[in-house]
Amino acid sequence: MTGATATQAARLLAAAARRRRLRVDPMGAALTALTLVAALAFFFPLYWALVTTVKPEVEVVRPGLRLWPETFTLEACAFVLTNSRILVWYLNSVVTSVAVTLLVILSSLLAGYALSQIAFPGRRLLYGMILASFIVPISALIVNHFLLVHRLGLLDSWAGIVLPQLIHPVVIIVYKQFFDAIPKEYREAAVVDGAGHFQLLFRIFLPMTTSVTAALAIITLISAWNNFLWPFLAQNSQEMMNVTVGITQVREAYGIRYARETASAVIAGLPMVMLNLVFQRQITRAIVLSGGIKA
Amino acid sequence: MPQVEFEKVGKSFGALAVMRELSFRIEDGEFAVLVGPSGCGKSTLLRMLAGLEEITAGEIRIAGRAVNDLPAKDRDIAMVFQSYALYPHMRVVENMGFSLRLRRAPKAAIAERVGAAARTLGLDRLLERYPRELSGGQRQRVAMGRALVRSPSVFLFDEPLSNLDAKLRVQMRTELRHLHQKLGATTIYVTHDQVEAMTMADRIVMMRDGAIEQVGRPLEIYDRPANHFVAGFIGSPAMNVLPGRIRAGADPAVALDGGGVLPLGHVPSLAPGRAVAVGIRPEHLRPDPDGPLLAEVEVIEPTGAETDLSCRCGGQPLMVALRDRGSYRPGQTLRLAPHAGPVHLFDAETSARLTHPESMIQEYDDDRHETRNG
Ligand SMILES: Nc1ncnc2c1ncn2[C@@H]1O[C@H](COP(=O)(O)OP(=O)(O)O)[C@@H](O)[C@H]1O
Ligand SMILES: [Mg+2]
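All values reported here derive from a predicted model rather than from experimental measurement. (Residues numbered from 1 in each chain as written. Chains lettered and ligands numbered in written order. Predicted model: local features only at pLDDT ≥ 70, side-chain atom pairs only at ≥ 80, totals over all residues. Heavy atoms only, no water.)

Peer 1: Help me understand empty space enclosed by the protein in this model?
Peer 2: With a probe scaled to a water molecule rolled over the atoms, the places where space remains empty come into view. What the rule picks out here adds up to three cavities of 30 Å³ or more. Estimated volume of the largest cavity: approximately 100 Å³. When contributions to the lining of the largest cavity are tallied by element, the ones reaching two or more residues are α4 (136-148), β7 (154-158) and α5 (166-183) of chain B. In terms of residue count, α5 of chain B provides more of the lining of the largest cavity than any other element does, four residues in total. Estimated volume of the second largest cavity: approximately 60 Å³. Considering the residues around the second largest cavity, the lining is formed by A189, V192 and D193 of chain A together with A78, M79, F81, A143, R146, A147 and R150 of chain B. Grouping the amino acids of the lining of the second largest cavity by side-chain chemistry returns seven nonpolar, no polar and three charged. (1 Å grid on protein atoms, 1.4 Å probe; cavity = no way out; pocket = protein on both sides within 12 Å on 5 of 7 lines; lining within 4 Å. Points joined across faces, edges and corners; volume = space filled by probe spheres on them. Helix = DSSP H or I, 4+ residues; strand = E, 2+ residues; numbered from the N terminus. Nonpolar A, V, L, I, M, F, W, Y, C, P; charged D, E, K, R; others polar.)

So, in structure tokens, the structure goes:
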């Protein structure tokens, strides 16, 4: 190729690139706009809650939509923190949701391993039952749970909150599927090396699925923290309430004060918002994992 | 006492029987190669020996002790997998020390044994790496190191070299042999590659379809294949097989179906007219103006050291491997004679070997030394 044709070719290529850059894909633009609108729609209530929290009550109840507060105040937050048992509720939430998370992960790990790696009679039946229980909504069982926990004398206790929440078939199913997918040579190499079931699980299988475990732990934690219905039924004394239940008491105790209510909701949700921000990747992964389950 | 013994071992997966009545023994310190086409049951056999697969019939003994019901970890064996199966979340040093850690060996002892194995295999500088940071050849070495660390009484290898490139494979072949000479541990090595079997084995166990076709030293099997199948599998290019019939008459000979009469040496008891298959290795054929075989050259494949002629002889394919470069061209007709090696006779129906090669040495054999040395 001569120098002249080479420069010409380069010029043509550059022009083509420019055209490509400038051309707007109408479909793409429409989709982007739609996504933007949807994102705004999702984001607005959150924003509104935050803004309401820092407004004085008078401004909250004033008619009309003001996107930005005229005066900033932390009065609502301060009130909630000082005049309710929110710190105790927090502690209850932390203890119960961390306990739920640890126990769910541990028991599902064991169950998933057994279902995936140990041939025992009734394995398929058991797995079928777990899959089926995944279809039954927890709220359909909640009356039974209530009666059971009541008979066990565990209402108004951490154990009573934790126990029914340990039913988490999805986590078992995800673990089983991941363990199924680990090439059998790893297991066999470890068996020849002298590993038993617990060593296989905790030294080979678990470390090979740490990202799955992280993802599952985080969504379990978030769903336990955000759980309302069961704690609402099982906790009656202010001392034992989770923060999600406790914040409903703010209204009952002090009449409707929107700023205080949203402030307590924001405070209750804060740790999960932070978790969401930090572990965005794992959470997305977990949602994909549990959504991709083939029954 | 043989180190490893299989006695009438059978294996079924559910209703599917993949192995029947399999018996052989491997002596202490031997390097045995289990060879056969893929799917013939080599891995299954190895895994049964390792304790990874249940033994459904018969008995396997290691050092005289039946191991059928012994868990893998108590069999004193180590296994190297085709995929290496290095634990991805452990460094090389942890991978190699894993079995000792499981056995609760003292830290100092583990470090010492891992260090020694690493030196033997040239892994000293890779100990802190993760498997994903290693090349294929290095991973292979680590897999061997993991086995070595335990100094087991039996080493098992399942096609350990098949994921390496050709050059590295040849190099590792030598190195493995070398290692075996140094350690002297009984080794069972599975491969589908007859070259690996021939070059590495003290003893070859030739398998097909879950059955043993022949057990013997490499040259024994090469010189005296028990049947067609073994004859075709061991040696490259594969042995030629030509159908024919024992000719009536004073001099023992085979009339080939494709034309031509192949004189044989002394053949005692084969009835005239009996259908046979004649086996001649490509390297045991050479041009000879008086030769009994008339072949047409179809393709010429020079390898440098050798010239392979792919021919047709009476409608049958015939390979000829010549040590010279000659000047051959496609379409040329050649007269060929067997020399410097046995003519094998197999039963046409059962394909079993009919004679021993000693009795088959025939008249073209007188110039053997000339060609071997020339
Ligand atoms: N877990 C299994 N279930 C059923 N059949 C199997 C199983 N493992 C191996 N086989 C069958 O056993 C035969 C031997 O397999 P394998 O030992 O892997 O052969 P090779 O290692 O010689 O290639 C094959 O026909 C294979 O399909
Ligand atoms: Mg195999």
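Peer 1: Sorry, what's going on with the domain arrangement of chain A here?
Peer 2: Size of an interface, as often reported, equals the accessible area lost when the parts are brought together. All names here are of chain A. Domain boundaries in chain A define domain 1 (21-78) and domain 2 (82-291). Of note, the centres of domain 1 and domain 2, computed from C-alpha atoms alone, are 31 Å apart. Listed by partner, the interface residues are 12 residues for domain 1 and nine residues for domain 2. Inspection of the domain 1/domain 2 interface yields one salt bridge. (Domains from an automatic or database assignment. Contact = heavy atoms within 4.5 Å. Salt bridge = Lys/Arg side-chain N within 4 Å of Asp/Glu carboxyl O.)

Peer 1: I would appreciate a short explanation of the packing of aromatic side chains in the present structure.
Peer 2: For any two aromatic rings, the description comes down to two numbers: the centre-to-centre distance and the angle of the planes. With the rule as written, the count across this model stands at 17 aromatic pairs over all chains. Plain terms: the ring middles of Y113 of chain A and F179 of chain A are 6.4 Å apart, the flat faces sit at 75 degrees to each other, and that makes the pair edge-to-face. Of the two residues, Y113 of chain A sits in helix α5 (residues 86-117) while F179 of chain A sits in helix α9 (residues 169-181), which places them 66 residues apart along the sequence. On the basis of relative accessible area, Y113 of chain A is assigned to the buried category, the value being 3%. Taking relative accessible area as the criterion, F179 of chain A reaches 0% and is therefore assigned buried. An angle of 85 degrees between the planes, with centres 5.4 Å apart, marks the rings of Y113 of chain A and F205 of chain A as edge-to-face. Taken together, the residues Y113 of chain A in helix α5 and F205 of chain A in helix α11 (residues 197-208) connect sequence positions 92 residues apart. Pair check on accessibility: Y113 of chain A and F205 of chain A agree, each one buried. Put simply, the rings of F43, F44, Y47 and W48 of chain A touch in pairs and so form one group of aromatic residues. Sitting above the plane of the F31 of chain B ring, R177 of chain B keeps its charged end 5.3 Å from the centroid. (Phe/Tyr/Trp six-rings, centres within 6.5 Å; stacked < 30°, edge-to-face > 60°. Buried < 20%, exposed > 50% of the residue type's maximum accessible area, 1.4 Å probe, protein only. Lys NZ or Arg CZ within 6 Å of the ring centre and 35° of its normal.)

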